Amino acid sequence: RQLLQVRKAEITPRLLETPGYSGAFDVISDRAVKVWWTLADGAVLRMVANLSPEPLDRFNAWDGGRLLWLEGAATGTGLAPWSVLVSMSDGAA
């Protein structure tokens, strides 16, 4: 329920005029990915996910954006197993 509330309050209102093909991704390793979308108001929504039972070391998952959701644990030097971090850098509204 909390995650759905975050989506409703933070993400859904920004989707209306977001153009297609506004997303991109980087494969960080064979077990982790970073995805980001530039929304209609210039905000950038980011998700970093470690999709393995092993920690992702020597990787800073924090991008300086505002934290929207953290499932698991993340530090400036790694991402715990099975962790997902979602953040947003606000654009010019």
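Preceding this section is the structure that the text describes.
The notes below deal with the structure included here. (Residues numbered from 1 in each chain as written. Predicted model: local features only at pLDDT ≥ 70, side-chain atom pairs only at ≥ 80, totals over all residues. Heavy atoms only, no water.)

1. Describing the pattern of salt bridges
All chains considered together, the criterion is met by four salt bridges. Residue R14 is joined to D90 by a salt bridge in which the shortest nitrogen-to-oxygen separation is 3.2 Å. Placement of the pair is R14 in the loop between α1 (2-11) and β1 (23-29) and D90 in the segment after β8 (84-89), with a sequence separation of 76 residues. Judged by its relative accessible area of 18%, R14 falls in the buried class. Judged by relative accessible area, which is 48%, D90 ranks as partly exposed. Several salt bridges converge on common partners, so that one network encompasses E10, R14, D41, R66 and D90. (Salt bridge = Lys/Arg side-chain N within 4 Å of Asp/Glu carboxyl O. Helix = DSSP H or I, 4+ residues; strand = E, 2+ residues; numbered from the N terminus. Buried < 20%, exposed > 50% of the residue type's maximum accessible area, 1.4 Å probe, protein only.)

2. Some points on the packing of aromatic side chains
Within this structure, the stated rule accounts for zero aromatic pairs. When the ring centre of W36 is taken as reference, the NZ or CZ atom of K34 above it lies at 6.0 Å. (Phe/Tyr/Trp six-rings, centres within 6.5 Å; stacked < 30°, edge-to-face > 60°. Lys NZ or Arg CZ within 6 Å of the ring centre and 35° of its normal.)

Fair warning: the whole summary comes from geometry, so function is off the table for now.
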